[in-house]
Each structure stands twice: as C-alpha cells, then as structure tokens.
Amino acid sequence: MRWFCLCAGLVLAGALIGIDEVKPRPPEATRSIAREVLEWGPATAGTPLLELQGPTLADVIAKARAIPDLESREQALVQIAVTWADEDSTSAADFLLESVPPGQTQQNAALGIMQRLAVKDMDRATAWAERFPEELRERALAELARISQRQRLVLTQ
Amino acid sequence: MRNLFYSVIAVACSVPTFAFWPADATTIFNSYNNGFYVGGANAYYKNDTSGGRSGFWSQAEEIEMVEDSYALTGLTGTRDMITALCNGFLTQNGSDWTWNTFNDDIAWAVIAFNRAYQMTGNTTFRDRARSNFDAMYARAYDTALGGGLWWTTGKTSKNACINGPASIGAYLIYQIYNDSSYLTKAGNIYNWERATLFNASTGQVYDNISSGGVIQTWVFTYNQGTFIGAANNLGHTSDATLAANCTKNTLCTGGILPDAGENGDGGGFNGIFLRHMAKYMKDRGLQGSYLAWLQQNANAAWNVRRTSDNLSWCNWRSATPTGTRYSFGCVNSAIALQVIPADGEGVFFYQDSDFNGVPSQLLGTGSYTLAQLQAKGVSDNWASSLRVPSGWQVTMYQNDNFTGTSWTFSADSTFVGAAANDQMTSCKIQTTGVIFYQDINYGGSRSQSIGVGNYTMSQLAAKGVPNDWATSLRVPPGRTVIMYQNDNFTGTSWTFNADTSWIGSAANDQMTSCKIQ
C-alpha cells in the first residue's frame, strides 16, 4: 500500500489530492475504527466483514478489498474511509484516494471526510476543499458554509 | 385608494387572509420549477438554474415539495418529475448515502424516497430508502442518554432534527413493508424524543442534547413539524396539539411563522413544519382550530411573491427582492401552497391598489347587492383592486342593485382605474365558460374555461380535464353541460344548468366526454 506517496499530492487535473502532507497513521493502530466499521457493515457491504473477530483495521481493509462485487467492494471501502475520518481525516483521505477509483463514489466519500474534518478544523477542511476539482469544490464549499453556519449559531448562543 | 405611504404601512403591518386560490398552487409550483429546475440534470439548482445542484438535504426537501404537489394534483408530469429527481439524486449521491456524516440528511432523503415509492411504485426508491435507513440507524442509535439517534457520526449530540425525521421515515417503511419492527423503531425514537427534548408543559421541541447531557433549548419550526408528524403517525394527538399550539402561539408573530436567512438551512424550516402540520390537521379533522392560521401563512407566502416570476422567498412579511434567489429559500412558499387548502376559487376585492390593504372574503359567482357585499367584507365605495380568476368576469356597478355606471374586469387588476376607484356599490360575478374542478366545492386543480362545443376525451384532456376526474363545475348563466360516462358522447349522461359544487356520487370522477350548449 502506498501510504505516503499520495500525501505529496496528485497533480493531475480534475483529480482529488490528499488533505495535507501530515504522515497518516497506519491502519494497524485503529482497532476501534475496525469495530465500528463492522457494526455498520452488514447494511451496505454485505456480510463478509462480519466474519472477522477482533480485527485490526488492516484486517478489515484486506477483507473489504477481497469482496468480489465491485459496487459492494467500493461501498465497503468508502465506509472504512469515512469511519476512519472520524478519528483521522488525513489517513482516511489518503486511503480513499488509493482505494477507490476517481468518480462519483470517490467524490461523495471525499465530501464525507471533509464534513468530518470540518467540525474539528474548518480551516484545514476549507483548504482541502479549495483544491477539489471544480464541480466537487462547489458542493464542498456549500457544505462547509452550512457547517460553518451551524457552528456560528452554536457560538452565538 | 389610500396613498402610497399608507399602503406601505399596511403591507408592513398586516397580512391579508384567505386570498390565495387553488390555482395559485400550480402557478407557484411551475414558477419554482422555471426558476430552479434543470431537467437535463434531474435536479434543482441552488440559485436560479446556476450555482450547482442543491445540497443533499435541501435536494431531498425539494423532492418532497414536488411530492406535495403530486399529492395535491395527481398530475402525471409531476409524478415523472419525482422519478427524475430521485434518479438525479442517486446519480449525485450514490445508492449508499452513509458517506454523509449527517444522519439527519439521510433521514430526510429516506422520507423523500419512501414517498417517491408510494407515488411512483418504483421499487428502487423503496429499496434505497430502507437500506439507507438501516445503515443510518445502525450507526446512529445507541443507549447513551437513554436512547435516540446521534445527529452525526461524531456523536456530539442527539438532536430533534434527526429523531423526528427518523421516526417518520421508520413509520413510512412500516407502512410500505408492513414490518412491525419499523413501527417499533418509530415509536421508540419518538418516545425518546418526547422524553428528552419535548417540553410537555409548553409544547416546545428543544434542538438537542449534548453528549454531556446538556439540553440546548433552541426551538425551530422544522423540529416542531417533524415532532407533530411523528406524533400524528403514532396517535399521540395530545402531544401533537401541544406542539402545534406552541408553534402558533409562541413562534409566530401576528400568526406568521418566523423569518429565516434564505441561504442556509433555516430557509426551508417553515415548509417542513407546514407539511406535517397540515397533514395533522387534515388527518385529525382539526380545520376549525388551524385552517385559518395556516391559510394566513400560505396567503402571506403568496402575497410576498415577486410578480415578475412568481417566486416567493422565506420571509413572509416583506416582498421577495429582485435578483438571484436561492432555491431552498423559496421552497417554503411553494410547499405552503401545495399542502394548505385554499377556500376555493373566486374573486377578491382589496381596499387598496396592488392588492394591498384589507381584502374581502372570497366571492363566488352570483349577483351581490350592497348588503350582500358588506356581508363579504366589501364596504360601499371601497374597492381599489381585485383578483379575478382566469375565465371569470366581474361587473362592478356604481349604484346598488346593479344600476348606474358599470365597469367590467376579466383578469386581475392592480388598480380599477380612477373612474371606478372607490365607486363600487354592487356587482355581478360569473364565469365566461364552463370550468371543471378536480375536487368538491371547486377545489383542487381546475380546467381551462371551456366554451360551447362537443368535447371528446382527448379534446377535454387538451383543455385540462383528465378522464374520470371532474367533481364540481361552474356553468355560466344560460349554458347547459351534458357529461357522458364514455368517450364520444356515449354511456350514462348527467346534465347541469348551473354551478354545481358536487356533481353527485354517480357522476363523480366519471366524465369522459361532454357537450356544452
């Protein structure tokens, strides 16, 4: 797995790039995320993930990548990415870019990661969104505006 | 006519009541679509038809607005729009929505897709609603704080904005699948929200409780609305009434729902409230308590529209500004006119020009002496403007009993003219052709005004009369309408020589062709 090369950022036009160049956390360290993915898994990714007992995130990733059906596999990988993002958005973004091919699914998942980053660090989320391809950037900035409005509401109370 | 200054004050301080027609619902719906719908993208756009598609939850709510319209009219074209919009939503957001951290976003879309299935029969929409509800519920529910659903995957608070819609979404899945486990979920979610966020003394639905157990006591109309909707589904009418009365008596000013910023989530709050409130009123037969208030809001929404394109924003005390508007900021008004029934179609007189000042009550066809006009809220020598439905005609007389100088109007008039201003003492109102209506008492959708002739099924359809559809009709003086059960003037027939608010159970929704003589 190319955990570090993507952090340097892709420069292809219209492609997503990572959040920043912070070294992402390796998946072995995140057992809690693995458990959470397993809790969600049956609804959208089918049952294979449930077969694992006490896995690491690396185990879950490996299992997800082995799902034969393309759509189910991508759904599982997206679930891992967005769940991971609640704990570590940078690693989640890099995992997403490496694991899910460019397209609508990848873009939606990037939005999900950006949402999760925004509630913790709006500036980093905004900086990342600004580098999105144009169409996704519009959606992302609108979503950030919405989250920002809500945060301002909280602060004014 | 009052002077301009007085008129401005009147607009600012009062909102006329009972001043929108059933046909206005179609007008504002079409105007909204003209303003924001992009057919090629199967989506509503954020501002005008630019600025990109509406976001996740606002798109879902805009789909619900179309569903509200379909529930009102039953038009095939509107049903097709629901299908197109849901397909567009899936294209944009995928079939698995759990990438979205906001559980409430998913719940709103679940409601929209369940309703879409109920209206179109498209099982893809049903399946997407259920699978995404299941996924959302699995990650959102836990026993912390006594139960209920977390607002986001960050699990910082459990909010009314997820629990109300989730209860409604679960209830819809229960209805569709007859799976009682979803009824249990709907009930449990509701019970938690009631126990945790509902003030059973005041009827307020508080916004959220934090993970630390602190209740945030903001009160928003959309939370009041979804609470009422969930309570109505589950038969908790006392709770629903308390929340409704709280909204009416404490959140409204002069009866009108609160203003909101048009470019934010709040832009759509009131529409959500009205949707569930109107359904509660209808389901429980509470028109006597709530209809006038809801009509006041729908009327306010209609009256603040800008007449250049009939778009109406979310602040119902001031006119919709010129320039680019936001689709979500205009959706409330469109919803209001879809879900709140009008009193019917007819003529309104206004004390001032431009439909300002005190309005009259709705006047149907007939001849009105001064005494009869006064009973409808029209004083002698008082009217300065009037609204006249398409196919109707008003003759104003300077003196009582239809004498003296007369003036005739067959369309809306923002000013009756210097000669007629403040002159009317009696009047006659009639239709110029036959008009068929979808519902009893000249309600629901209506046809064009139709002149003398014989009309087959296809010819009626071209005039806005679907097959087996008509329930009431207006007939001009001297005309006769013969309705036929079958095409080409065959089968059982029914004859009408005057306005008929209910054509009878035998003829109802039976007409396929007709003759107008």
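Note that this is a predicted model, so its numbers are computed, not measured.

Visitor: Residue-level account of the overall build of chain B, with values.
Guide: Each helix and strand in chain B was counted, giving 15 helices and 19 strands. Relative to the globule expectation of 24 Å for 517 residues, the C-alpha radius of gyration of chain B, 24 Å, shows essentially globular dimensions. Along the longest, intermediate and shortest principal axes, the C-alpha atoms of chain B span 75 × 60 × 45 Å. For chain B, the proportion of contacts with a sequence separation of at least 24, taken over those separated by at least 6, is 69%.

Visitor: Explain the overall build of chain A residue by residue, including any values.
Guide: Scanning chain A for helices and strands turns up seven helices and zero strands. The helix and strand sequence of chain A, counted from the amino end, reads α-α-α-α-α-α-α. Taking all 157 residues of chain A together, the buried fraction comes to 47%. Considering only intrachain contacts with a sequence separation of at least 6, the fraction spanning at least 24 residues in chain A is 55%.

Visitor: Which residues make up the interface of chain A and chain B, and what values go with them?
Guide: Between chain A and chain B, the contact holds 25 residues from the first and 20 residues from the second. The set of elements that each furnish at least two residues to the side of chain A that touches chain B consists of α1 (31-45), α3 (70-85), α5 (104-118) and α7 (134-156) of chain A. Looking at the side of chain A that touches chain B residue by residue, the classes come out as eight nonpolar, 10 polar and seven charged.

Visitor: Which residues make up the sheet that holds strand β12 (residues 426-431) of chain B, and what values go with them?
Guide: Residues and elements named next belong to chain B. Spatially, the four strands line up as an open sheet ordered β8-β12-β10-β11, and their pairing is antiparallel. Each having just a single partner strand, β8 (366-368) and β11 (403-409) make up the two edges of the open sheet. With strand direction ignored, the average angle separating the axes of adjacent strands in the sheet is 15°. Here strand β10 (residues 392-399) runs beside β11; their pairing, made up of five bridges, is antiparallel.

Visitor: Give me the lowdown on the packing of helix α9 (residues 221-234) of chain B against helix α10 (residues 237-251) of chain B, citing residues and values where you can.
Guide: For any two helices packed against each other, one specifies the crossing angle of their axes together with the interaxial distance. All names here are of chain B. Packing of α9 against α10 brings their axes to within 8 Å, and their N-to-C directions diverge by 160°. Classified by the angle between their axes, α9 and α10 sit roughly antiparallel to one another. Between α9 and α10 the crossing geometry is left-handed. On α10, the residues that touch T221, Q224, F227, I228, A231 and N232 of α9 are D239, A240, A243, A244, C246, T247 and L251.

Visitor: Quick one: what's the story with the environment of G391(B), residue by residue and with numbers?
Guide: Residue and element names in this part refer to chain B. Relative to the helices and strands, G391 resides in the loop between β9 (385-387) and β10. Separated by 266 residues in the primary sequence, G391 and F125 have C-alpha atoms spaced 40 Å apart. Discounting residues that sit within four places of it in the chain, G391 has contacts with T431, T432, G433, I435, Q448 and S449.

Visitor: Lay out the domain arrangement of chain B in plain terms, naming residues and giving numbers.
Guide: All names here are of chain B. Along its sequence, chain B is organised into domain 1 (19-339), domain 2 (348-431) and domain 3 (435-516). The C-alpha centroid of domain 3 is placed 28 Å from the C-alpha centroid of domain 2. When its residues are assigned to classes, the side of domain 2 that touches domain 3 shows no nonpolar, five polar and no charged.

Visitor: Before we move on, could you go through the nonpolar core and cite the residues and values that matter?
Guide: The biggest cluster of nonpolar side chains holds 145 residues, and the ones touching the most others in it are A81(A), L96(A), I113(A), M114(A) and L337(B). In terms of residue count, the dominant contributor to this core is helix α5 (residues 103-120) of chain B (10 residues). With sequence-adjacent residues up to four places away left out, L96(A) is seen in contact with A81(A), Q106(A), A109(A), A110(A) and I113(A).

Visitor: Lay out unusual backbone geometry with the relevant residues and their values.
Guide: Residue and element names in this part refer to chain B. Even without being a glycine, N401 presents a positive backbone phi close to 55°. Assignment of secondary structure puts N401 in the loop between β10 and β11. The backbone of Y442 sits at a positive phi, close to 60°, despite the residue not being glycine. Relative to the elements of secondary structure, Y442 occurs in the loop between β13 (435-439) and β14 (443-446). When the 28 C-beta atoms within 10 Å are taken as the criterion, Y442 is described as buried.

Visitor: Any chance you could break down the confidence of the model for chain A for me, citing the residues and the numbers?
Guide: Residue and element names in this part refer to chain A. Across chain A, the average pLDDT comes to 74, with 64% of residues at or above 70. When the elements of chain A are averaged for pLDDT, α1 gives the smallest value, 50, and α5 the largest, 94. Below a pLDDT of 50 lies the segment residues 1-13, which in the model reaches 18 contacts outside its immediate sequence neighbourhood of four places, other chains included. Counting interchain partners and residues more than four positions distant, the pLDDT-below-50 stretch residues 40-53 has 40 contacts.

Visitor: Provide a residue-level description of the environment of I340(B), including the pertinent values.
Guide: Residue and element names in this part refer to chain B. One can find I340 in the loop between α13 (327-339) and β7 (348-350). Given 26 C-beta atoms within a 10 Å radius, I340 is considered buried. Residues I340 and Q393, spaced 53 residues apart in sequence, show a C-alpha to C-alpha distance of 26 Å. Those residues in contact with I340 that lie beyond four places of it in its chain are L274, A278, L294, Q295 and A298.

Visitor: Before we move on, can you summarise helix α2 (residues 57-65) of chain A with the specific residues and values?
Guide: Regarding α2(A), the residues found buried are L57(A), V60(A), I61(A), K63(A) and A64(A). End-on, the buried residues of α2(A) take up no more than an arc of 165°, which puts them together on one face.

Procedures and definitions
Residues numbered from 1 in each chain as written. Chains lettered and ligands numbered in written order. Predicted model: local features only at pLDDT ≥ 70, side-chain atom pairs only at ≥ 80, totals over all residues. Helix = DSSP H or I, 4+ residues; strand = E, 2+ residues; numbered from the N terminus. Rg over C-alpha atoms; globule rule 2.2 N^0.38 Å. Contact = placed C-beta atoms within 7 Å. Buried ≥ 20, exposed ≤ 12 C-beta atoms within 10 Å, placed from the backbone. Nonpolar A, V, L, I, M, F, W, Y, C, P; charged D, E, K, R; others polar. Pairing = 2+ DSSP bridges. Axes fitted to C-alpha atoms, helices over the stretch in contact; angles between N-to-C directions. Parallel < 35°, antiparallel > 145°, perpendicular 65-115°, else oblique. Left-handed = near helix turned anticlockwise from the far one by under 90°. Domains from an automatic or database assignment. Core = buried A, V, L, I, M, F, W, Y, C linked by C-beta atoms within 7 Å. pLDDT = per-residue confidence, 0-100. Arc of directions from axis to C-beta.

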